[in-house]
Amino acid sequence: MITKLKLARLNGQPEIFYSIQGEGKSMGLPSVFVRTSLCNLHCIWCDTDYTWNWTGTRFAHANDARPGYTKFDKKTWIAHCTIEEVAAAVARHPCRNVILTGGEPMLQQPALVLLMRQLRQTDPAYRFEVETNGTLLPTPEFQQLVDQFNVSPKLENSNNSQKLREKPAVYRFFSENAKAVFKFVLAEKTDLEEVLELMARYGIPAEKIWLMPEGNTRQKLLQRRRWLVEVCKQYNFRYTDRLHVQIWGSRKGV
Ligand code: SF4
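Residues numbered from 1 in each chain as written. Predicted model: local features only at pLDDT ≥ 70, side-chain atom pairs only at ≥ 80, totals over all residues. Heavy atoms only, no water.

Colleague: Help me understand the pairing of strand S8 (residues 148-151) in this model?
Modeller: For a regular strand, side-chain orientation follows a simple rule: the groups alternate between the two sheet faces. Both faces of S8 are covered, namely the face carrying Gln148 and Asn150 and the face carrying Phe149 and Val151. Taken together, the four bridges between strand S7 (residues 127-132) and S8 define a ladder with parallel strand orientation. Its bridge partner lying in S8, glutamate 129 is registered against glutamine 148. Where the polypeptide runs from S7 across helix H4 (residues 140-145) and back to S8, its parallel neighbour, the crossover connection is right-handed. Taken together, the three bridges between S8 and strand S9 (residues 180-186) define a ladder with parallel strand orientation. Paired with valine 151 across the bridge in S9 is phenylalanine 182. (Buried < 20%, exposed > 50% of the residue type's maximum accessible area, 1.4 Å probe, protein only. Helix = DSSP H or I, 4+ residues; strand = E, 2+ residues; numbered from the N terminus. Pairing = 2+ DSSP bridges. Right-handed = clockwise from strand over helix to strand, strands pointing away.)

Here you go:
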């Protein structure tokens, strides 16, 4: 059986693009992005809702009230690609930092293991980062191949139930894992209280925590940035902006 990856489809093409990492520990690093489809959460403010907000589902989204917003047809928005096709598309770019993002990429670990192995065979310099919502444990093979886990636990503001979004064993695993860093998206003071609780509950060291303002527009980021920088100074967290929003606004695939 040929293993296929389910990738997000954007403008009719599998979403693989060359840009810079816009957030977190590697912010500014030129990177090839591979966006997988499917997610096990459904955050109300998700800006990649075309990976999970399928026609016929009842998940709420902030855009529901927007005139003309409709849910997404799975057949149109998922691209089924062979490992060879994805590896060839990645290798077309003059860059060895690859970001596996989504959706939730860790839903497709076996296929991504094959992709990472294939790319490393062509060039051992390939480096892999994974953007994950922190609800799934990595398999030993996956964990071995990945260089950096960017773990972004979702808070109450995401509208996912606590049972769905907070997986104690996974948080503990990443808290102790040298390859993992945490990125929290904050909009309000109550979000900060939640972060502090999670930090205490799972023993997440402050130096592994990046705080990022919630917002898909420059205006929203501007409103929250100064507050968040002061919070980072107070608790010795790292601050991260959203470079891609600053540069391209809400445009996708750039
Ligand atoms: S975990 Fe990420 S991809 Fe999934 S719904 Fe939330 S923001 Fe969107």
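Further notes follow.
Colleague: Help me understand the site of the ligand, please; the structure alone is not making it clear to me.
Modeller: For the ligand, the full set of nearby residues is Cys39, Leu41, His42, Cys43, Trp45, Cys46, Thr48, Trp52, Gly103, Asn133 and Lys154. Tallied by class, residues from the shell around the ligand come to six nonpolar, four polar and one charged. (Near = heavy atom within 4 Å. Nonpolar A, V, L, I, M, F, W, Y, C, P; charged D, E, K, R; others polar.)

Colleague: Would you explain the packing of helix H2 (residues 83-91) against helix H3 (residues 109-122) in this entry?
Modeller: When two helices pack together, their arrangement is given by the angle between their axes and by how far apart the axes lie. Two numbers describe how H2 lies on H3: the axes approach to 10 Å, and their chain directions differ by 50°. Taken together, the axis directions place H2 and H3 in an arrangement best described as oblique. Judged by the twist between their axes, the crossing of H2 over H3 is right-handed. Residues Ile83, Glu84, Val86, Ala87 and Val90 of H2 form the contact with H3, whose participating residues are Ala111, Leu114, Leu115, Gln118 and Leu119. Looking at the contact of H2 with H3 residue by residue, the classes come out as eight nonpolar, one polar and one charged. (Axes fitted to C-alpha atoms, helices over the stretch in contact; angles between N-to-C directions. Parallel < 35°, antiparallel > 145°, perpendicular 65-115°, else oblique. Left-handed = near helix turned anticlockwise from the far one by under 90°. Contact = heavy atoms within 4.5 Å.)

Colleague: What is the right way to read the sheet that holds strand S11 (residues 238-239) from this model?
Modeller: Neighbouring strands of a sheet are bound in pairs by backbone hydrogen bonds; such pairs are parallel or else antiparallel. With mixed pairing, eight strands are arranged side by side in an open sheet as S3-S4-S6-S7-S8-S9-S10-S11. Looking along the sheet, the strands with just one partner apiece sit at the ends: strand S3 (16-20) and S11. The strands that helix H6 (residues 168-176) touches are S8 and S9; relative to S9, the one it contacts most, it runs at about 120°. Most of the contacts of helix H7 (residues 189-202) go to S9, to which it runs at about 155°, and overall it touches S9 and strand S10 (209-213).

Colleague: Explain the nonpolar core here, please?
Modeller: Where a protein is soluble and globular, its nonpolar side chains tend to be buried together. One finds Val86, Val90, Leu115, Phe142, Phe149, Phe184 and Leu211 to be the most contacted residues of the largest nonpolar core, which totals 50 residues. Of all the elements, H3 adds the most residues to this core, at six residues. Not counting chain neighbours up to four residues away, the residues in contact with leucine 115 comprise Leu5, Ile83, Val86, Ala87 and Leu100. The next biggest cluster of nonpolar side chains, apart from the first, holds seven residues, and it includes Leu10, Tyr50, Tyr69 and Ile78. (Core = buried A, V, L, I, M, F, W, Y, C linked by side-chain atoms within 4.5 Å.)

Colleague: Whenever I open this one, the side chain of threonine 132 confuses me. Can you help?
Modeller: Along the chain, threonine 132 turns up in strand S7. For threonine 132, the side chain forms a polar contact with the side chain of glutamate 104, separated by 3.0 Å. Among residues more than four places away in sequence, those in contact with threonine 132 are Glu104, Met106, Asn150, Val151 and Ser152. (Polar contact = N/O pair within 3.5 Å; in protein donor to acceptor, adjacent residues only side chain to side chain.)

Colleague: Whenever I open this one, the pattern of salt bridges confuses me. Can you help?
Modeller: Where charged atoms from two side chains of opposite charge approach closely, those side chains can pair. This model, assessed by the stated rule, comprises 14 salt bridges. As a salt-bridge pair, glutamate 15 and arginine 35 come within 2.9 Å of each other at their nearest N and O atoms. Separated by 20 residues along the polypeptide, glutamate 15 in the loop between strand S2 (13-14) and S3 and arginine 35 in strand S4 (residues 30-35) bring together distant segments of the chain. One salt bridge in this structure joins arginine 242 and glutamate 23, with 3.0 Å as the shortest N-O distance. With arginine 242 in the loop between S11 and helix H9 (243-248) and glutamate 23 in the loop between S3 and S4, this pair connects stretches of sequence that are 219 residues apart. Overall, the relative accessible area of 9% leaves arginine 242 in the buried class. Three or more residues are tied together by salt bridges with common partners; here these are Glu23, Asp47, Glu131, Lys183 and Arg242. (Salt bridge = Lys/Arg side-chain N within 4 Å of Asp/Glu carboxyl O.)

Colleague: Would you take a moment to explain helix H8 (residues 218-235) for this structure?
Modeller: Structurally, the α-helix is built with 3.6 residues per turn, so residues lying three or four positions apart point the same way. In a regular helix each residue adds 1.5 Å, so 18 residues correspond to 26 Å; H8 covers 25 Å between its end C-alpha atoms and thus fits that length. Along H8, the helix axis deviates most sharply at arginine 225, where the bend reaches about 40°. Turning to H8, its buried residues number three or more, namely Leu221, Arg224, Leu228, Val231 and Cys232. Where H8 is buried, its residues meet S9, H7, S10, S11 and H9. The positive-phi residue at the C-terminal boundary of H8 is asparagine 236, with phi of around 65°. (Expected span 1.5 Å × (residues − 1). Bend = angle between axes of the 7 residues up to and from the residue.)

Colleague: Mind showing me how you'd approach the packing of aromatic side chains here?
Modeller: Any two aromatic rings considered together are summarised by their centre-to-centre distance and by the angle between their planes. Scanning the model with the defined rule gives 13 aromatic pairs in all. Ring plane angle 80° and centroid distance 5.3 Å describe the contact between phenylalanine 173 and phenylalanine 174, whose orientation is recorded as edge-to-face. Taking NZ or CZ as reference, arginine 238 lies 5.7 Å from the ring centre of tryptophan 210, over its face. (Phe/Tyr/Trp six-rings, centres within 6.5 Å; stacked < 30°, edge-to-face > 60°. Lys NZ or Arg CZ within 6 Å of the ring centre and 35° of its normal.)

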